[in-house]
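Listed here are the chains, written in short residue letters.
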Amino acid sequence: MSYMGTVRNNGGLSAALLLSGALALTACGGPAATDGVSDGGGAETVSAAPERTEVGALTPRIVLAHDTGVVVLDSADGSELADVPVKGYARLGHAGDGRHVMVAASGGFTALDTGLIEKAHGDHSHFFTQEPVLTKATVKGEEPGHVVPHGERTALFDDGTGQMTVFDPAALAEGTLGETARTKTSAPHHGVAVPLSDGSLLHTEGTEDERHSVVVQDASGTEIARTDECPGVHGEAAAQPTANGDVVAIGCTDGPVVYRDGAFHKYAPIPGHERSGNLQGVESSSVVLMDGEPVTDGGDARGSTTIGLLDTATDGPVKTVDLGSAYWFRSLDRGPDGEALVLTEDGELNIIDPATGQMKHEVKATEPWTEPEDWQEPAPMLAVADGTAFVADPQHKKLAMIDIASGETYRTLDLPVIPHEIQVTTGSPSGEMHVGEAGASDAGGEHEGHEHEGHDHEGHDHEGEGHAH
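The text that follows walks through the structure, step by step, so that each part is easy to find. Note that the coordinates shown come from a computational prediction; the quantities given were computed from them, not determined experimentally.

1. Things to note about the overall build of the chain
- For the chain, the helix and strand inventory stands at 1 helix and 37 strands.
- When each of the 469 residues of the chain is scored for burial, the buried share is 59%.
- Of all intrachain contacts in the chain linking residues separated by at least 6 positions in sequence, the fraction that spans at least 24 positions is 54%.

2. Side note on the pattern of salt bridges
- Within the structure shown, the criterion is met by 10 salt bridges.
- A salt bridge links Asp254 to Lys266, with the shortest nitrogen-to-oxygen separation between them at 2.6 Å. Placement of the pair is Asp254 in the loop between β21 (245-251) and β22 (257-260) and Lys266 in strand β23 (residues 263-266), with a sequence separation of 12 residues.
- Accessibility expressed as a relative area gives 32% for Asp254, which makes it partly exposed.
- Residue Lys266 is classed as partly exposed on the basis of its relative accessible area, which comes to 32%.
- The salt bridge partner of Glu293 is Arg275, with a shortest N-O separation of 3.0 Å.

3. A closer look at the sheet that holds strand β24 (residues 279-280)
- The sheet built from 4 strands is open, its strands ordered β24-β25-β26-β27 with antiparallel pairing. A single partner strand is all that each edge strand has here, and the edge strands are β24 and β27 (319-322).
- Note that strand β25 (residues 287-291) and strand β26 (residues 306-311) share 5 bridges and pair antiparallel. Opposite Asp291, over in β26, you have Ile307 as the bridge partner.

4. Overview of the side chain of His100
- Note that His100 resides in strand β7 (residues 100-105).
- Within the structure, the side chain of His100 is placed 3.5 Å from the backbone oxygen of Leu172, a separation counted as a polar contact.
- Residues contacting His100, with those up to four places away along its chain left out, are His94, Ala95, Ala111, Leu112, Asp113, Thr135, Leu172 and Ala173.

5. Structural notes on a negative patch on the surface
- There is a patch of like negative charges on the surface, built from Glu142, Glu143, Glu208, Asp209 and Glu210.
- Of the residues examined, Glu210 reaches a relative accessible area of 51% and is grouped as exposed.

6. Things to note about the sheet that holds strand β34 (residues 398-403)
- On the basis of which strands lie adjacent, the open sheet formed by 4 strands has the order β32-β33-β34-β35 and antiparallel pairing. Strands at the two margins of the open sheet, each flanked by one partner only, are β32 (381-385) and β35 (408-414). Across the sheet, the mean angle separating the axes of adjacent strands is 20° when strand polarity is ignored.
- Relative to strand β33 (residues 388-393), β32 is paired through 5 bridges, and the arrangement is antiparallel. Looking at the pairing, Val384 lines up with Ala389 of β33.

Rules used in this analysis
- Residues numbered from 1 in each chain as written.
- Predicted model: local features only at pLDDT ≥ 70, side-chain atom pairs only at ≥ 80, totals over all residues.
- Heavy atoms only, no water.
- Helix = DSSP H or I, 4+ residues; strand = E, 2+ residues; numbered from the N terminus.
- Buried < 20%, exposed > 50% of the residue type's maximum accessible area, 1.4 Å probe, protein only.
- Contact = heavy atoms within 4.5 Å.
- Salt bridge = Lys/Arg side-chain N within 4 Å of Asp/Glu carboxyl O.
- Pairing = 2+ DSSP bridges.
- Polar contact = N/O pair within 3.5 Å; in protein donor to acceptor, adjacent residues only side chain to side chain.
- Patch = residues over 30% accessible without salt bridge, like charges linked within 9 Å, V, L, I, M, F, W, Y side chains within 5 Å.
- Areas by Shrake-Rupley, 256 points an atom, 1.4 Å probe, with all protein chains shown as cover.
- Lys, Arg positive; Asp, Glu negative; His and termini not counted.
- Charge placed at Lys NZ, Arg CZ, Asp CG, Glu CD.
- Axes fitted to C-alpha atoms, helices over the stretch in contact; angles between N-to-C directions.

So this is what it looks like as structure tokens:
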């Protein structure tokens, strides 16, 4: 891998050009292009800043990718706030600031501003809303892949070139990526990068045909840790850090590895379920939720009913839970108190205590379903924000909002599209909702979208800590 320094993205790149694949990145170390705006058939952008309205509280906004673009909904009533055309199959990832979502589609990554704004003011905050728009904060990519926010930085990984772009998501408030650090792996592959709190970068190494290495390089590009014991490396999740720094779990085909205390630790696989490729973590818990794909003679990894609870503070073994019904890679997430959430094909949302593996709630969330043959096809999925599991049932165009603490479904919405991916923003990087200064106008009424009881999750650091497929 080569280290390439930093470049400035002034926000002038056209998202329309980017998503249609017509815009090239500048050379490493040089200034980013600031012209070339076009209606080249990709996503549409709005040049003028949207009008803002001050409110007393923010309502979570639901972002759904569908076959022709990305739609943004108000979680209070399901009303459509924006429908942005996007060329190609769109994937969604939290940008890391609680306000923007990165759209990975044909041509690269573009930040979608969902229009939820929290501004600190002394001992309180003020809140504003505006119309969601696709911004000009873009990074060109041949095969845009994983988006990983961690700490105060976010990493984008381009599978087609091996380029990794790291930026501070706070810059997105000004419509730019700010200072970006761009690095490149030795060969393109389906990989992932994780920015660490000490300024180093954890990332995969491999080729299109084979990948089995994970390395950590410091801010100067010097390698400080490596493991080559992770065949089929895929998926990552950050867990509770130790006194020596960050802890990150990575999925492999023969049991996961964990980066802890500056070194990699290998774990035995779940018996009969060797491959783990999708993991979810929260920094308040040392336990990572992981999938376990069954070993079969025919090589079909579908139909697993077993999940793993990997305690990164120990050297194993991985605790297992058999849910009695299958799930898929979009089934996994974490609650505000670290609860392990798994959506199974019987239509239930399983809410599990990560320390004991005991079931806390089994909630009817969707109609029964079956994992599609093609991973890009729509099927039930979930996202978590402000103590709520947002569970989408694409085939029936329904979305259930479930209070994770109580297991109660408190709202059901009709969806205007058939989505294949979902993210939810709250305006706060923590994923928690906050109430504004007393007396501020509240255009939404009774803390819209979150009228249920039982939420006191300050300090929850959920968004973006686990990434699938």
